[in-house]
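# A structural walkthrough
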Amino acid sequence: GAGVSQSPSNKVTEKGKDVELRCDPISGHTALYWYRQRLGQGLEFLIYFQGNSAPDKSGLPSDRFSAERTGESVSTLTIQRTQQEDSAVYLCASSLSRGGETQYFGPGTRLLVL
Amino acid sequence: DAKTTQPTSMDCAEGRAANLPCNHSTISGNEYVYWYRQIHSQGPQYIIHGLKNNETNEMASLIITEDRKSSTLILPHATLRDTAVYYCIVRANFGNEKLTFGTGTRLTIIP
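Let me begin by describing the structure that accompanies this report. Note that the coordinates shown come from a computational prediction; the quantities given were computed from them, not determined experimentally.

Residue and element names in this part refer to chain A. Reading across from one edge, 1-3-7-6 is the order of the 4 strands in this open sheet, with antiparallel pairing throughout. Each edge of the open sheet is held by one strand with a lone partner, namely strand 1 (5-7) and strand 6 (65-69). This sheet shows a mean twist of 15 degrees between the axes of neighbouring strands, independent of strand direction. Summarising the sheet, strand 1 and strand 3 (residues 19-24) pair through 3 bridges and their orientation is antiparallel. When the sheet's bridge partners are listed, Ser5 is paired in strand 3 with Asp24.

Structure below.
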């Protein structure tokens, strides 16, 4: 079946502009995660959605970052007033449930802020 | 999540078995050992996970020591496409399920 998909695959924007990144999880997966990976570094957790529960936003680095998820489907990560340090690969992962099931990752969106 | 220690880099000849070690001496009884890999410019790919018994799937085998303080990921017949960074992660399968990736082992398969 189809895996996690993300769009766009690449995004170049100017400092100060807003960007919106999209994630389509695997069908039937109720849990969805956003991570950030800066060049040459490990993954940083950003936010976690599980069903209709309140999301775990503990990893969001600033109030310029927000994310939404409609039911158990698509999620969008929005970065307002982008800064150069926001340049990174933004990865989305999904899993079956909150029971600690294996997370499957999408290909990521490569964001470059000029 | 408990910390893991992995070698920074390893080389392996094509066709040979690649054995990637991981130390997790502070692992808790309810924590699993997960392995992911990340090929250049791609998202992380799940490989295998286990609790205390050895596990095998179509990609790899996972050998966990009896005291669970270390494990070894085995790629039985490495190919050039196995060149990637391999991450060993320990996490409990409840509560906050975020993954904490360290720096991993950069495995290079030599032709």
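Before going further, it helps to spend a moment on the pattern of salt bridges. All names here are of chain A. Tallying each qualifying case throughout the model produces 6 salt bridges over all chains. Put simply, Arg64 and Asp86 hold a salt bridge, and the shortest N to O gap is 2.8 Å. Note that Arg64 is positioned in the loop between strand 5 (43-50) and strand 6 and Asp86 in the loop between strand 7 (75-79) and strand 8 (88-95), a separation of 22 residues in sequence. Judged by its relative accessible area of 1%, Asp86 is buried.

So, about the sheet that holds strand 4 (residues 45-50) of chain B. Residue and element names in this part refer to chain B. Taken together, 5 strands build an open sheet; the order of strands is 1-9-8-3-4 and the sheet is mixed. This sheet does not close on itself; its edge strands, each paired only once, are strand 1 (9-13) and strand 4. With direction set aside, neighbouring strand axes in the sheet form an average angle of 25 degrees.

Attention now goes to the interface of chain A and chain B. Interfaces are often sized by the accessible area lost when the parts come together. Counting from both sides, the interface comprises 20 residues of chain A and, opposite them, 19 residues of chain B. With both chains or domains summed, chain A and chain B bury close to 1500 Å², and 48% of this area falls on carbon and sulfur atoms. Run the count over chain A and chain B and you get 0 salt bridges. The interface formed by chain A and chain B holds 3 residue pairs in polar contact (both at pLDDT 80 or more) in total.

Each value, and the rule that gives it
Residues numbered from 1 in each chain as written. Chains lettered and ligands numbered in written order. Predicted model: local features only at pLDDT ≥ 70, side-chain atom pairs only at ≥ 80, totals over all residues. Heavy atoms only, no water. Pairing = 2+ DSSP bridges. Helix = DSSP H or I, 4+ residues; strand = E, 2+ residues; numbered from the N terminus. Axes fitted to C-alpha atoms, helices over the stretch in contact; angles between N-to-C directions. Salt bridge = Lys/Arg side-chain N within 4 Å of Asp/Glu carboxyl O. Buried < 20%, exposed > 50% of the residue type's maximum accessible area, 1.4 Å probe, protein only. Contact = heavy atoms within 4.5 Å. Buried area = accessible area lost by both parts, 1.4 Å probe. Polar contact = N/O pair within 3.5 Å; in protein donor to acceptor, adjacent residues only side chain to side chain.

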